[in-house]
Amino acid sequence: MAAKGGDRERANYFYCVRVTDPEIHKNIQNALDWIVDKEPQFANFCYTPEMLHVTLAEVSLQNDEAIQKASQVLKDCQPKLRDLLPNSPLVFKGISDFHTKVMISKVFHENDFLSFASHLRTEAKEAGLNVVENHEFNPHMTILKVSGVKAKKAKVGNINPWLYVNLKETLFGQQEVRSVHLCKMGSGRRDDGFYLTPAEIFLR
C-alpha cells in the first residue's frame, strides 16, 4: 500500500544507499564550510559526512511488527538487488535546493539505478508496507536542511540560491552502490554517526 500523506501515514523510516566515499565526504564538508562562512545561521543544520545517503524509499512504520516486516523485506530482497546492482557509479555533482529549505547535491545515474530502487519499492508495497510517495522519485543527497521544529525555534531563514551559485557544477565524487539500509528518521545515531538501522544488507 502506498500512502499519500497525512499524520497517520507520515514517513518515519527510510531505505537508502549510504555514501561512504572519503573524497565525497571531504568535498561536501569543504562546500558546507564555505556556505557556513557566508551564512553562520546554517552551522547547526548541516549534515555530517557520516549521515550522507541517497534515499530509495520512505515508509511509515507505526509498530514493532511493521519495523520487523520492513527489515525482512530488505533481507528477502538481497539476492535480487544483488542481481540488479547498477553497473555505473552514482556521480555527485552540483548543489541545488528544494523549496529553499533543503540543500542537496545532485545525483547523476543510469537507468539501472532507477530499476534497482524501483524493485525495492515494489517489494515493500507488495509486503503491505506503507510506502510514502509524496513526490516523484528524484535521487539526491541532502547536505543541509532548515525545515522542522529545530529551524523554526532558531528562526533560521530560507536558503538563498546565491549561497551555492559557485558550486552548481562542482564535482564532489562518485561511488558504487554497495549496501542498502533501513534507517530511522530523527536525531538518533549509531556509534559511527550514521542513522539507527534496524536492518541493512551488503551487496558487494
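The structure under discussion appears in the preceding block.
Being a predicted model, the structure only gives us computed values, none of them experimental.

## A few points about the overall build of the protein
- Secondary structure summary: the protein contains four helices and ten strands in total.
- Counting from the amino terminus, the protein carries its helices and strands in the arrangement β-β-α-β-α-β-β-α-β-β-α-β-β-β.
- For 204 residues, the compact-globule estimate of 2.2 N^0.38 gives 17 Å, and the protein sits close to it at 17 Å.
- Projected onto its principal axes, the C-alpha positions of the protein cover 45 × 40 × 35 Å.

## Digging into the sheet that holds strand 7 (residues 140–145)
- Spatial ordering of the open sheet is given by 7-5-4-8, a layout of four strands whose pairing is antiparallel. Across the chains shown, the open sheet's two edge strands, defined by having one partner strand only, are strand 7 and strand 8 (171–175). Ignoring strand direction, the axes of neighbouring strands in this sheet form an average angle of 35 degrees.
- In this structure, strand 5 (residues 102–108) lies alongside strand 7, joined through five bridges in antiparallel fashion. When the sheet's bridge partners are listed, Ser-105 is paired in strand 7 with Met-141.
- Each of strand 4 (90–98), strand 5, strand 7 and strand 8 is contacted by helix 1 (residues 22–38), which is oriented at about 150 degrees to strand 8, the strand it contacts most.

## Re the environment of Asn-158
- By the secondary structure assignment, Asn-158 is in the loop between helix 4 (149–154) and strand 8.
- With 47 residues separating them along the chain, Asn-158 and Asn-111 place their C-alpha atoms 33 Å apart.
- Polar side-chain contacts of Asn-158 include one of 3.5 Å to the side chain of Thr-100.

## Considerations on helix 3 (residues 111–126)
- The terminal C-alpha atoms of helix 3 lie 22 Å apart, and with 16 residues this matches the ideal 22 Å at 1.5 Å per residue to within 8%.
- For helix 3, every residue scored as buried is listed here: Phe-113, Phe-116, Ala-117, His-119, Leu-120, Arg-121 and Ala-124.
- In the core, the buried residues of helix 3 are packed alongside strand 2 (13–18), strand 3 (53–60), helix 2 (64–83), strand 4, strand 6 (130–132) and strand 9 (179–184).
- Positive backbone phi, approximately 90 degrees, marks Gly-128, located one or two places after helix 3.

## Focus on the environment of Val-177
- Relative to the elements of secondary structure, Val-177 occurs in the loop between strand 8 and strand 9.
- Given a relative accessible area of 1%, Val-177 falls into the buried group.
- As for Val-177 and Val-17, which are separated by 160 residues in sequence, their C-alpha atoms are 6.7 Å apart.
- Discounting residues that sit within four places of it in the chain, Val-177 has contacts with Val-17, Leu-85, Pro-86, Leu-90, Phe-113, Phe-116 and Arg-204.

## Observations regarding the pattern of salt bridges
- Within this structure, the stated rule accounts for six salt bridges.
- The closest approach of N and O atoms between Asp-192 and Arg-18, which form a salt bridge, is 3.1 Å. With Asp-192 in the loop between strand 9 and strand 10 (199–202) and Arg-18 in strand 2, the pair connects residues that are 174 residues apart, well separated along the chain.
- Overall, the relative accessible area of 35% leaves Asp-192 in the partly exposed class.

## Considering the pairing of strand 3
- Judged by how many residues are buried, strand 3 sits mostly within the fold: six of eight residues are covered.
- Of the pairings in the sheet, the one linking strand 2 to strand 3 comprises six bridges and is antiparallel in character. Bridged to Val-17 within strand 3 is Val-54.
- Pairing of strand 3 with strand 6 involves three bridges; the strand directions are antiparallel. In the sheet register, Glu-58 faces strand 6, and the bridge partner there is Val-132.

Rules of the game
Residues numbered from 1 in each chain as written. Predicted model: local features only at pLDDT ≥ 70, side-chain atom pairs only at ≥ 80, totals over all residues. Heavy atoms only, no water. Helix = DSSP H or I, 4+ residues; strand = E, 2+ residues; numbered from the N terminus. Rg over C-alpha atoms; globule rule 2.2 N^0.38 Å. Pairing = 2+ DSSP bridges. Axes fitted to C-alpha atoms, helices over the stretch in contact; angles between N-to-C directions. Contact = heavy atoms within 4.5 Å. Polar contact = N/O pair within 3.5 Å; in protein donor to acceptor, adjacent residues only side chain to side chain. Expected span 1.5 Å × (residues − 1). Buried < 20%, exposed > 50% of the residue type's maximum accessible area, 1.4 Å probe, protein only. Salt bridge = Lys/Arg side-chain N within 4 Å of Asp/Glu carboxyl O.

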